[in-house]
Amino acid sequence: SLLEAAHENDIELEGKHADWNVGGWGACEGSLACSTCHVIVMDMDYYNKLEDPTDEENDMLDLAFGLTESSRLGCQIV
Ligand code: FES
């Protein structure tokens, strides 16, 4: 998972939403119907290696609290 990968690579993920649960996805369980799995990738090198977000992910990200340039939905990062 994203969290395991981040851990292995010493990447900090800052959960910006109270619903972000370590070890689990957000409210919609990865179906791109919420933004509770919003994460901010702190390492731009890592961010730039990720696949670009889909339009659907971007739409949900627009609703996320505290959106940043390196925001992603955790459930969409594999
Ligand atoms: Fe809902 Fe990721 S868990 S969009």
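All right, on to the confidence of the model for the protein chain then. Taken as a whole, the protein chain shows an average pLDDT of 76; of its residues, 67% reach a score of 70 or greater. Mean pLDDT in the protein chain bottoms out at strand β1 (residues 13–15), which sits at 53, and peaks at helix α3 (residues 55–62), which reaches 94. Confidence drops under pLDDT 50 across residues 16–24; counting only partners more than four residues distant or on other chains, this segment forms 15 contacts. Model confidence for the complex is summarised by a pTM of 0.70, with the ipTM given as 0.97.

Time to look at the nonpolar core. Val 39, Val 41, Tyr 46, Tyr 47, Leu 50 and Ile 77 form the largest nonpolar core, which has 6 residues in total. Of all the secondary structure elements, the ones that give two or more residues to this core are β2 (38–41) and α2 (44–49). Counting residues in hydrophobic clusters, the runner-up holds 5 residues, among them Cys 37, Met 60, Leu 61 and Cys 75.

This part is about the pairing of β2. Residues His 38 and Ile 40 point to one face of β2 and Val 39 and Val 41 to the other, with burial holding for every one of them. Pairing of β2 with strand β3 (residues 71–73), which is carried by 3 bridges, proceeds in the antiparallel orientation. What sits directly across from Val 39, in β3, is Arg 72.

The rules we used
- Residues numbered from 1 in each chain as written.
- Predicted model: local features only at pLDDT ≥ 70, side-chain atom pairs only at ≥ 80, totals over all residues.
- Heavy atoms only, no water.
- pLDDT = per-residue confidence, 0-100.
- Helix = DSSP H or I, 4+ residues; strand = E, 2+ residues; numbered from the N terminus.
- Contact = heavy atoms within 4.5 Å.
- Core = buried A, V, L, I, M, F, W, Y, C linked by side-chain atoms within 4.5 Å.
- Buried < 20%, exposed > 50% of the residue type's maximum accessible area, 1.4 Å probe, protein only.
- Pairing = 2+ DSSP bridges.

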